[in-house]
Amino acid sequence: MNELSTVTSERDVRQRALVPPERLAQCDAVVIGVGAIGRQVALQLAALGVPRLSLFDDDVVEAENLAPQGYWPGDLNRPKVSATAHLCQCIQPLVHVTAIAQRFKRSTVRDWPTSSERIVFCCVDSIVTRRLIWETIRSSALLFVDGRMSAEVMRVLAVDDPIGDDSYARTLFTAEEAYVGACTAQSTIYTASIAAGLMVHQFTKWLRGLRIDRDLMLNLLAAETTSGE
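Small disclaimer: the values here were computed from a predicted structure and weren't measured.

Cut-off values and rules
- Within each chain, residue numbers correspond to sequence positions counted from 1 in written order.
- This being a predicted model, a pLDDT of at least 70 is required before a residue's local features are given, and a value of 80 or more before pairs of side-chain atoms are given or counted; all residues contribute to the totals for chains, interfaces and linings.
- The side-chain numbers reported here are obtained from all heavy atoms of the structure, hydrogens and water having been left aside.
- Think of it in three bands: with a 1.4 Å probe and only protein chains considered, a residue is buried below 20% of the maximum accessible area for its type, exposed above 50%, and partly exposed in between.
- Strands here are runs of E lasting at least two residues and helices are runs of H or I lasting at least four, both read from the DSSP assignment and numbered beginning at the N terminus.
- Each polar contact in these results corresponds to two N or O atoms within 3.5 Å; when the atoms are within protein, one needs to be able to donate a hydrogen and the other to accept it, and residues that are neighboring in sequence are counted only if both atoms are side-chain atoms.
- By the convention used here, residues are in contact when the closest approach between their heavy atoms is within 4.5 Å.
- With axes taken as lines fitted to C-alpha atoms, and helix axes fitted only over the stretch in contact, angles between N-to-C directions fall between 0 and 180 degrees.
- With respect to orientation, any angle under 35 degrees is reported as roughly parallel, any angle over 145 as roughly antiparallel, any angle of 65 to 115 as roughly perpendicular, and every other angle as oblique.
- Here a crossing is called left-handed whenever its near helix is offset anticlockwise from the far helix by less than a right angle, and right-handed whenever the offset is clockwise.
- Residues are grouped as follows: Ala, Val, Leu, Ile, Met, Phe, Trp, Tyr, Cys and Pro are nonpolar; Asp, Glu, Lys and Arg are charged; every other residue, Gly included, is polar.
- The positive count covers Lys and Arg only, the negative count covers Asp and Glu only, and His and the chain ends enter neither.
- Salt-bridge detection follows one rule: a side-chain nitrogen of Lys or Arg within 4 Å of a carboxyl oxygen of Asp or Glu.

### Topic: helix H6 (residues 127-137)
Think of an α-helix as turning once every 3.6 residues; residues three or four places apart then point the same way.
Next up, step 1: Where H6 is concerned, the buried positions are Ile127, Arg130, Ile133, Trp134, Thr136 and Ile137.
Next up, step 2: You can read the cap of H6 off the contacts: a side-chain oxygen lies 3.3 Å from the backbone nitrogen of valine 128, and it is on serine 126.

### Some thoughts on the environment of leucine 220
Next up, step 1: Looking at the element boundaries, leucine 220 is found in the loop between strand E7 (215-219) and strand E8 (224-228).
Next up, step 2: Under the relative-accessibility criterion, leucine 220 is labelled partly exposed at 27%.
Next up, step 3: Each C-alpha atom of the pair leucine 220 and cysteine 90 lies 31 Å from the other, and the pair is 130 residues apart in sequence.
Next up, step 4: Aside from chain neighbours lying at most four places away, what touches leucine 220 is Glu152, Met154, Tyr190, Thr191 and Ile194.

### A few points about the packing of helix H3 (residues 36-48) against helix H7 (residues 189-207)
Next up, step 1: Where H3 contacts H7, the two axes come as close as 8 Å, and the packing angle between them is 50 degrees. Between H3 and H7, the crossing angle belongs to the class labelled oblique. The handedness of the crossing between H3 and H7 comes out as right-handed. Across from Ala36, Ile37, Gln40, Val41, Gln44, Leu45 and Leu48 in H3, the residues of H7 making contact are Ile189, Ala192, Ser193, Ala195, Ala196, Gly197, Met199, Val200, Phe203 and Thr204.
Next up, step 2: Of the residues contributing to the contact of H3 with H7, the split by class is 12 nonpolar, 5 polar and no charged.

### Points about the side chain of lysine 80
Next up, step 1: Relative to the helices and strands, lysine 80 is located in helix H5 (residues 80-91).
Next up, step 2: For the buried lysine 80, no salt bridge is present, and the opposite-charge side chain at shortest range is aspartate 59, 4.1 Å distant.
Next up, step 3: Not counting chain neighbours up to four residues away, the residues in contact with lysine 80 comprise Val34, Gly35, Asp57, Asp59, Val60, Val61, Asn65, Gln69 and Tyr71.

Written out as structure tokens, the structure reads:
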């Protein structure tokens, strides 16, 4: 057995009781938006050992993305999905990453295979885009996890029955009710990393057949956590 094979076979030894490898092997993970939260979600999923990972984002890396989103100076002007995919494969060489440098569209799901367990991580900063994603994927995803962040406040919503759920849509308020300005106008990598960890944790709870947290909010500044249905 060569060195890479040895490392690969032992890399998840300490997490197997928490992340069932036989369940993980069946999953296709889709991360829509690889900005502050989404990039961290993708890197954590690669480290976790998810076998197939698709990334969607039409943005390129700019200087203001370096600190809050964890991109490197050498990534400047590269598509975010390309930079993130490269690092994912450095973390786990066996992960199959598909980087799509475009916005997620309704037509995207037509090309999705029907044989895998699809997990969708929604990491965008627009309610309108969230609505489009939700309406598009709910008939084909087994688990949907949405991460939202504003400064040091984060909210994670998880749905383990997208096709039958009637509560998530109520969190998609209208454009007139929305806060003026991007929700990521103020952001830090530590808040994004915590939000990403909470999202991936819902995924691992689902893998173990545990009850997920359907609506979790954490205010770092106030040190307050709320959880509701």
